[in-house]
Amino acid sequence: MTTAVTSYSASRPEWLKYFSFCIDHKVIGIQYIVTSFLFYLIGGALAGLVRAELTTPEPDLLDPSLYNGMFTLHGTIMIFLWIVPAVTGGFGNYLVPLMIGARDMAFPRLNALAFWMTIPAGLLLIASFFVGPASTGWTAYPPLSILTDQKAGQVLWILSIIMIGTSSILAAVNFITTILKMRRPGMGLFHMPLFCWAMLATSVLALLATPVLAGALILLLFDICFGTVFFNPAGGGDPVVYQHLFWFYSHPAVYVMILPVFGIISEILPVHARKPIFGYKAIAYSSMMICCLGLLVWAHHMFTSATPDWLRIFFTVGTLLVAVPTGIKVFSWIATLWRGKIHFRSSMLFALGFVSLFVMGGLAGVMLGSAPIDLHVHDTYFVVAHFHYVLFGGSVFGIYAGLYHWFPKMTGRMYNEFWGRVHFFLTYIGFNLCFFPMHILGLQGMPRRVAQYDPQFTSLNVICSIGALILALSTIPFLVNMIYSWTRGERASGNPWRALTLEWTTLSPPPTENWHGEPPLVTEPYAYGISSHS
Amino acid sequence: MKAQRIVSIVVLVGLIISAAVWYGINNHLLPEAAGLEAEAYDRLFNTMVGIAFGVFLLIEGLLVFAILVFQRRPGDEEDGPGIGENLRLEILWTAIPIVTVLWLSIYSTLVYNRMVGKEPLTIAHHHAHPHTTYVAMTEGEEGVTEVDVTAMQFAWIFTYPGTEVTSGELHVPLGKKVRLNMQAMDVIHAFWVPELRLKQDAIPGMTTHLEFTPTRLGTFNIVCTELCGAYHGGMRAEMVVDTPADYQKWLAEQAVAQKQGKAIAIKPGEEFFASIPHHVPAHIHHVINEELVR
């Protein structure tokens, strides 16, 4: 186990460590969470502008090319600077060592390096917007991205994503090593909390898939800057090859964004329902099944491209099969609630909200996975609805659930439950108003990524925009609650929720190196209602 | 007590299945179909929507039930029962989804093969072409109306092989198989008519194909669905389904008009460009003029 930890002199204020190259995994975790949340606010503001433009069918509020730059930056920030860093870098770093009884991550300096790469990458991405925004969507398909007028912005966009991707690869190596090699003696793989299984599956995906994206983007960079023709049909290149390389990463990226959240939900439900997690092994194996299947379904994003028929069938079957391990998780979660004694704390409300919304996103996903169904709905608002149900209704609801659940552990203070509930109900109502009508818009004929649309779609778009406004407002009670509680909240005990996983056995917040003395051995992290405990 | 419980479960499952079937038939989520492929699509779509709605009701129902019934009573600090597994239940909720998705995969494959012309849609009208594939079509098939489609920023251009006709509007005859041979001049575009339920990318450097048989007279929107630049949202055109007689008449009129050198309007792109001329690079006007106003 590592013992290398920066020590602080008493004269230095405690908060300064959050602004330094600190190698404590808990500091790095919080650095990731706070940084990514700031990017979330920027991405959200961009979404607000996009929704404002779409309240009318004419492209009247924003210049159409600026509009394209805005949704491109919105999508890129939300994926690469909010959800991925928050769920892996944030929760992964904070929780994995605490849950397996380790003093820190396996490679603490690499860990700090990975975090500090996200800041210049983020600044580079924001800068790209001001030199002429990349306006080709987060997919950056050539030849549009090669022929674009905004070459400088597109190049900065590519460099930023490569830097974020590198950070992601470093983090993945660190998580795999930590989970496999740094567990407290006596803790077997099947004694680990399910969040650690989810992080293992996530890290394998990130490690195998991210280098392919980096390769594709470097080739694209050469096409833009140096006149090569890897993807440029004007010189004999093939733009469809880029799509394969891009989605080979970007479909698994979806699981990188959701698997850790599945893990968070599997931690929260048992604690607040006072029941053991139902089907521990099935949930652990289902994460690994999603990891394997997730690598083999990328071309379902390309059913309307130049894809051979047999491949479309292969990817249909593979994609629909993802519903099986996902269904195992959902049914296990509901069985966990069954006959429990549910405490409706803010974290539990968001976790229950997550289950209800993710089901909707998952069912739309099964429909999209079917090649013939996709022929109609591909690149329409139906897809926009679907991925916001899984990434916002899924990942973001899960992040909020996790933030409330571990807030006492991270800060040593309690949050305000009333404002947490207000935050939940505003978010739940705003979310559904904003994204549910988009299913209908897409089925009826509205394409995505447009600033102007057929006037028959106006009323549904106005409802979506009202939902977006409520969503924007919903972050205010959250922010005020978090900032006030962090500085002035009631002091939290080591284990305010009477939870059984290992991170709750230490102080809140945990000391440097996590435990004074040896961490205890916990081999049954979910033994609620079983007489051996309590 | 036990019998009562079984009866109520059977009744609830029956209600969910009835609601799923009803919604599958009556969802009205899609615009009215206008092609043979769309009719095959709608049967699959309604089946999947019905199943999805049933699963949705089941899971959300269980969730709401759990939330209402399994609340902690005030002051109760006890844990719930320590039950963490039930092998029979777990096998059940693994096996049923496997069977369902495999069945949906087979059904999807059958519908897919029909929609892309690998299998006949109606045996009476069309003979089967088991050897043709989506990307490699045979030429000059009898009874098939071929149209060459050129996509460019931000317009669609339709030319009719064997005639002089070039148009910004796609005219097709009712009840006849239409084959589009699509090319893109600059970036990737995608051809979509919502009422046909069909979409295909037009990709620079290659020719892609789309086949359909219109079954309803009228005018339908052609929408570009692949992000193609600033005015992607304005890249629309119209598809007019004529009776075969009207279609022939239109072709003849167009041929005459174009010999006399009359310009062809592209709709609604022309209005769109006129409304925001300062945004559109000059070369695009130039390209459109060259292509259309010959």
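Rules behind the numbers
Residues numbered from 1 in each chain as written. Chains lettered and ligands numbered in written order. Predicted model: local features only at pLDDT ≥ 70, side-chain atom pairs only at ≥ 80, totals over all residues. Heavy atoms only, no water. Helix = DSSP H or I, 4+ residues; strand = E, 2+ residues; numbered from the N terminus. Buried < 20%, exposed > 50% of the residue type's maximum accessible area, 1.4 Å probe, protein only. Contact = heavy atoms within 4.5 Å. Areas by Shrake-Rupley, 256 points an atom, 1.4 Å probe, with all protein chains shown as cover. pLDDT = per-residue confidence, 0-100. Buried area = accessible area lost by both parts, 1.4 Å probe. Salt bridge = Lys/Arg side-chain N within 4 Å of Asp/Glu carboxyl O. Polar contact = N/O pair within 3.5 Å; in protein donor to acceptor, adjacent residues only side chain to side chain. Phe/Tyr/Trp six-rings, centres within 6.5 Å; stacked < 30°, edge-to-face > 60°. Lys NZ or Arg CZ within 6 Å of the ring centre and 35° of its normal. Pairing = 2+ DSSP bridges. Axes fitted to C-alpha atoms, helices over the stretch in contact; angles between N-to-C directions. Parallel < 35°, antiparallel > 145°, perpendicular 65-115°, else oblique. Left-handed = near helix turned anticlockwise from the far one by under 90°. Nonpolar A, V, L, I, M, F, W, Y, C, P; charged D, E, K, R; others polar.

Asker: Looking at this structure, I do not really get the overall build of chain B. What am I missing?
Answerer: For chain B, the count of helices and strands is six helices and 10 strands. Taken across its 294 residues, chain B has 49% of its residues classed as buried. Pairs at least 24 residues apart make up 68% of the contacts formed inside chain B by residues separated by at least 6 positions. In the form shown here, chain B has an accessible surface area of approximately 14400 Å², with 62% of it arising from carbon and sulfur atoms.

Asker: Teacher, can you tell me more about the confidence of the model for chain A here?
Answerer: Close inspection of predicted coordinates is inappropriate for parts of the model with low pLDDT. Residues with a pLDDT of 70 or more make up 97% of chain A, whose mean pLDDT is 95. Note on residues 1-8 of chain A: pLDDT is under 50 here. Beyond four places in sequence and across chains, it has 20 contacts.

Asker: Which parts of the structure should I look at to understand the interface of chain B and chain A?
Answerer: Often the size quoted for an interface is simply the accessible area lost on bringing the parts together. Between chain B and chain A, the residue contacts involve 84 residues of the former and 88 residues of the latter. Carbon and sulfur atoms supply 69% of the area that chain B and chain A bury against each other, a total of about 7200 Å² over both sides. Our enumeration of links across chain B and chain A arrives at three salt bridges. Inspection of the chain B/chain A interface yields 23 residue pairs in polar contact (both at pLDDT 80 or more). At the level of secondary structure, the elements contributing two or more residues to the side of chain B that touches chain A comprise helix H2 (36-69), helix H3 (87-115), strand S7 (198-202) and strand S9 (218-224) of chain B. If one sorts the elements of the side of chain B that touches chain A by residue count, H2(B) sits on top with 16 residues.

Asker: Any chance you could explain the side chain of A:Ser395 here in plain terms?
Answerer: Within the secondary structure, A:Ser395 is located in helix H13 (residues 381-411). Beyond its immediate stretch of four places on either side in the chain, A:Ser395 contacts A:Ile83, A:Met257, A:Ile258, A:Val261 and A:Val390.

Asker: It is not clear to me how the packing of aromatic side chains should be interpreted in this structure. Could you clarify?
Answerer: In this description, an aromatic ring pair is defined by two values, namely the gap between the centres and the angle between the planes. Going through the model one piece at a time under the given rule, you end up with 63 aromatic pairs over all chains. For the pair A:Phe424 and A:Phe425, a centre-to-centre distance of 5.0 Å together with 75 degrees between the ring planes defines the contact as edge-to-face. Directly above the ring of B:Trp192 sits B:Lys199, whose terminal nitrogen or CZ lies 4.3 Å from the centroid.

Asker: Where do I start with unusual backbone geometry in this structure?
Answerer: Phi is mostly negative for residues that are not glycine, and the peptide bonds are mostly trans. Cis geometry is adopted by the peptide bond preceding A:Pro509, which originates at A:Ser508 and carries an omega value of -10 degrees. Relative to the assigned elements, A:Pro509 resides in the segment after helix H15 (458-488). For the bond running from B:Gln153 to B:Phe154, omega is 0 degrees, close enough to zero to count as cis. If you trace the backbone, B:Phe154 turns up in the loop between strand S1 (144-152) and strand S2 (155-159). At A:Arg339, a residue that is not glycine, the phi angle is positive and equals roughly 65 degrees. Within the secondary structure, A:Arg339 is located in the loop between helix H10 (323-337) and helix H11 (346-369). With phi around 75 degrees, A:Asn514 is a residue other than glycine that occupies positive phi space.

Asker: Explain the pattern of salt bridges here, please?
Answerer: Once their charged atoms are close, side chains differing in charge can pair, the charge on each being opposite to the other. Scanning the entire structure with this criterion turns up 13 salt bridges over all chains. The partner of A:Lys26 in a salt bridge is A:Asp24, with the nearest N and O atoms 3.2 Å apart. Overall, the relative accessible area of 6% leaves A:Lys26 in the buried class. For B:Arg216, the salt bridge goes to B:Glu32, with nearest N and O atoms at 3.7 Å. Of this pair, B:Arg216 sits in the loop between strand S8 (208-212) and S9 while B:Glu32 sits in the loop between helix H1 (2-26) and H2; the two residues are 184 residues apart in sequence, bridging distant segments of the chain. B:Arg216 sits in the partly exposed class, given a relative accessible area of 24%. Here B:Glu32 falls in the exposed class, since its relative accessible area comes to 55%. Three or more residues joined by partner-sharing salt bridges are found here, namely B:Glu146, B:Lys177, B:Arg179 and B:Glu211.

Asker: How do you make sense of the sheet that holds strand S5 (residues 177-184) of chain B when you look at a structure like this?
Answerer: All names here are of chain B. Reading across the sheet, the five strands line up as S3-S2-S1-S5-S8 and stay open at both edges, with mixed pairing between neighbours. Looking at which strands have only one partner, the edges of the open sheet turn out to be strand S3 (166-167) and S8. Where S1 and S5 come together, eight bridges link them in parallel fashion. Residue pairing in the sheet places Asp148 in a bridge with Asn181 of S5.

Asker: Where do I start with the environment of A:Gly517 in this structure?
Answerer: Residues and elements named next belong to chain A. Here Gly517 lies in the segment after H15. Overall, Gly517 belongs to the partly exposed group, its relative accessible area being 45%. For the pair Gly517 and Gly489, spaced 28 residues apart in sequence, the C-alpha to C-alpha distance is 28 Å.

Asker: Any chance you could explain the packing of helix H8 (residues 280-294) of chain A against H10(A) here in plain terms?
Answerer: Helix-helix packing: each pair is described by the crossing angle between the helix axes and the interaxial distance. Residue and element names in this part refer to chain A. Relative to each other, H8 and H10 sit at 155 degrees, their axes nearing to 8 Å. When the interaxial angle is binned, H8 and H10 end up roughly antiparallel. The element H8 and its partner H10 pack so that their crossing is left-handed. Contacts between H8 and H10 pair Ala282, Ile283, Ser286, Ser287, Met289, Ile290 and Leu293 from the former with Pro325, Thr326, Ile328, Lys329, Ser332 and Trp333 from the latter. Here the residues of the contact of H8 with H10 sort into eight nonpolar, four polar and one charged.

Asker: Before we go on, may I ask you to explain the sheet that holds strand S10 (residues 236-242) of chain B in this structure?
Answerer: Where strands meet in a sheet, backbone hydrogen bonds hold them as pairs that are either parallel or antiparallel. All names here are of chain B. The five strands are arranged S4-S10-S9-S6-S7 in an open sheet whose pairing can be described as mixed. At either end of the open sheet lies a strand with only one pairing partner, and these are strand S4 (170-173) and S7. With strand direction ignored, the average angle separating the axes of adjacent strands in the sheet is 25 degrees. In the sheet, S9 pairs with S10 via six bridges, with the strands oriented antiparallel. What sits directly across from Asn221, in S10, is Glu238.

Asker: Sorry, what's going on with the environment of A:Glu503 here?
Answerer: All names here are of chain A. Tracing the backbone through its elements, the reader meets Glu503 in the segment after H15. Along the sequence, Glu503 and Val96 sit 407 residues apart, while their C-alpha atoms lie 9.0 Å from each other. Apart from the residues lying within four places of it in its own chain, the contact partners of Glu503 are Leu98, Met99, Trp406 and Lys409. For Glu503, the side chain forms a polar contact with the side chain of Trp406, separated by 2.8 Å. Among the polar contacts made by the side chain of Glu503, one reaches the side chain of Thr501 at a distance of 3.0 Å.

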